[in-house]
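Descriptive analysis of the structure
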Amino acid sequence: MDDLFDSSLNLEDIHYKEGYDEGHSHGLVEGKEEARQVGLKVGFEIGEELGFYRGCVDIWTSAVRLDPTCFSPRAKTIIGQMDELIQKYPLMDPENLQVQEIMDTLRLKFKIVCSCLHVKLEYSGYPKSSTEANDIQY
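Keep in mind that what you see is a predicted model, and the values were worked out from it rather than measured.

As a further point, take the state of the cysteines. In a disulfide, the sulfur atoms of two cysteines are held together by a covalent bond. If you walk through the whole model with that rule in mind, you get 0 disulfides. Looking at Cys56, it has no disulfide partner, and the nearest cysteine sulfur is the one in Cys114, 6.8 Å off.

A few words on the nonpolar core. Grouped together as the largest cluster of nonpolar side chains are 22 residues, with contacts concentrated most on Tyr53, Trp60, Phe71, Met82, Leu106, Phe110 and Val113. Of all the secondary structure elements, the ones that give two or more residues to this core are α2 (11-66), α3 (73-88) and α4 (99-116). With 7 residues, α4 is the largest single contributor of residues to this core. Apart from the residues within four sequence positions on either side, Trp60 is in contact with Phe71, Ile79, Met82, Phe110, Val113, Leu117 and Leu121.

The residues that UniProt annotates with the feature "domain: Essential protein Yae1 N-terminal" (unreviewed entry) are residues 19-57. Across residues 19-57, helical content stands at 100% and strand content at 0%; the span's end C-alpha atoms are separated by 56 Å.

Looking now at the environment of Met82. Topologically, Met82 is positioned in helix α3. In contact with Met82, not counting residues within four places along its chain, are Tyr53, Val57, Trp60, Leu106, Lys109, Phe110 and Val113.

Attention shifts here to the pattern of salt bridges. Under the defined criterion, the tally for this structure stands at 6 salt bridges. Between Glu45 and Lys41 there is a salt bridge, with the nearest N and O atoms lying 2.9 Å from each other. Of the two residues, Glu45 and Lys41 are both situated in helix α2; the distance of 4 residues between them amounts to about one turn of the helix. For Glu45, a relative accessible area of 29% corresponds to the partly exposed category. With a relative accessible area of 52%, Lys41 lands in the exposed category. Ionic pairing is found between Arg107 and Asp104, a salt bridge with its closest N-O pair at 3.4 Å. On the criterion of helical spacing, the pair formed by Arg107 and Asp104 is a turn pair, its members being 3 residues apart in helix α4. Take Arg107: its relative accessible area is 27%, and that puts it in the partly exposed class. Take Asp104: its relative accessible area is 41%, and that puts it in the partly exposed class. When salt bridges with common partners are traced through the structure, they connect Glu49, Asp104 and Arg107 into a single cluster.

Each value, and the rule that gives it
- Residues numbered from 1 in each chain as written.
- Predicted model: local features only at pLDDT ≥ 70, side-chain atom pairs only at ≥ 80, totals over all residues.
- Heavy atoms only, no water.
- Disulfide = S-S within 2.5 Å.
- Core = buried A, V, L, I, M, F, W, Y, C linked by side-chain atoms within 4.5 Å.
- Buried < 20%, exposed > 50% of the residue type's maximum accessible area, 1.4 Å probe, protein only.
- Helix = DSSP H or I, 4+ residues; strand = E, 2+ residues; numbered from the N terminus.
- Contact = heavy atoms within 4.5 Å.
- UniProt positions renumbered as here; feature names shortened; annotations may be inferred.
- Salt bridge = Lys/Arg side-chain N within 4 Å of Asp/Glu carboxyl O.

What follows is the structure, encoded as structure tokens:
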């Protein structure tokens, strides 16, 4: 008789544990998928920003090759430093601890070059919607 009541008294604990185990395993599967999606999105954004800086450095470097006196020595030095930072960015090692430090330094150097060249450039990312794309002015 005691066994009959014991099983009904433990029913809540049993269901709680089953629910927890089921939720935990479901969370692991969903968490991995969500992490993958976030990783792809962030990786794309970082690659896009690096590409923007690479394009700017390539244009500036080409301008210097055509006319070595077009930029100040300070600007040319910083452009060279930006090129080195882009080249040493660990694209295939996102867990590298230098990733954030390199991006921060690259952003800072970009602002310095823009200031030296008296241009107002800023990376604002790719337009997310068609209305934002229509707002771009040339």
